[in-house]
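One letter stands for each residue in the lines below.
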Amino acid sequence: QVQLVESGGGLVQAGNSLRLSCAPSGRTFSLYTMGWFRQAPGKEREFVAAISITGGRTYYSDVVKGRFTISRENGKNTVYLQMNRLNSADTAVYSCAATKELRVGTRDDDYDYWGQGTQVTVSS
């Protein structure tokens, strides 16, 4: 069982940046493919970014590509989502997810473990 805890959310003005962190429990973090998803009010959860076990492969949704960066530090058991040039459409609850599958999935059913999420609110 993996428990995921996100942090770093908050209120930010449009155009500014935030960095989210996700710290899974356990000593086998380096064996998990990690992803970030988000859900805005009244909308379905959507894929944001994902990263392979070694960090060598990353994937982004078209909406965030070029603005967001996913990374991981296996030695610190942490995965990050650096979000730049935020706009009001980025307002959502952001959740990290994990799976032991090597394939880097972009659908929420590709992941087995989920955090509670952290709120990101972008004011215009």
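Reference entry: report on the structure contained in this document. Keep in mind the model is a prediction, meaning the values are calculated, not measured.

A closer look at the overall build of the chain
Tallying secondary structure elements over the chain gives 0 helices and 11 strands in all. When its helices and strands are written in sequence order, the chain yields β-β-β-β-β-β-β-β-β-β-β. Relative to the 2.2 N^0.38 estimate, which gives 14 Å for 124 residues, the radius of gyration of the chain is 13 Å and therefore close to what a compact globule would have. By principal-axis analysis of the C-alpha atoms, the chain measures approximately 40 × 25 × 25 Å. Evaluated residue by residue, the chain yields a buried proportion of 44% over its 124 residues. If you take every contact in the chain between residues at least 6 apart in sequence, the share linking residues at least 24 apart comes to 58%.

Thoughts on the pattern of salt bridges
Evaluation of the coordinates by the stated rule reveals 8 salt bridges. Note that glutamate 46 is salt-bridged to arginine 38, the shortest N-O span being 2.5 Å. For arginine 38, a relative accessible area of 4% translates into the label buried. Look at the salt bridges and you will find they share partners, linking Arg38, Glu46, Arg67 and Asp90 into a network.

A closer look at the side chain of serine 21
Of note, serine 21 is situated in strand 3 (residues 18-24). For serine 21, the residues in contact, after removing those within four places along its chain, are Val5, Glu6, Ser7, Trp36, Thr78, Val79 and Tyr80.

Observations concerning the packing of aromatic side chains
Per the stated rule, a full pass over the model turns up 5 aromatic pairs. Relative to tyrosine 113, the ring of tyrosine 32 has its centre 6.1 Å away and its plane inclined at 80 degrees; by these criteria the two rings are edge-to-face. With tyrosine 32 in the loop between strand 3 and strand 4 (33-39) and tyrosine 113 in strand 10 (residues 113-114), this residue pair connects regions lying 81 residues apart in the sequence. Here the aromatic rings of phenylalanine 37 and phenylalanine 47 are separated by 5.6 Å at their centres, their planes lie at 75 degrees, and the arrangement is edge-to-face. Taken together, the positions of phenylalanine 37 in strand 4 and phenylalanine 47 in strand 5 (residues 46-51) put the pair 10 residues apart, joining distant regions of the chain. Judged by relative accessible area, phenylalanine 37 falls into the buried class, the value being 1%. Members of the aromatic cluster, connected to one another through ring pairs, are Phe37, Phe47, Tyr111 and Trp114. Against the face of tryptophan 114 rests arginine 45, its NZ or CZ located 3.8 Å from the ring centre.

About the criteria used
- Residues numbered from 1 in each chain as written.
- Predicted model: local features only at pLDDT ≥ 70, side-chain atom pairs only at ≥ 80, totals over all residues.
- Heavy atoms only, no water.
- Helix = DSSP H or I, 4+ residues; strand = E, 2+ residues; numbered from the N terminus.
- Rg over C-alpha atoms; globule rule 2.2 N^0.38 Å.
- Buried < 20%, exposed > 50% of the residue type's maximum accessible area, 1.4 Å probe, protein only.
- Contact = heavy atoms within 4.5 Å.
- Salt bridge = Lys/Arg side-chain N within 4 Å of Asp/Glu carboxyl O.
- Phe/Tyr/Trp six-rings, centres within 6.5 Å; stacked < 30°, edge-to-face > 60°.
- Lys NZ or Arg CZ within 6 Å of the ring centre and 35° of its normal.

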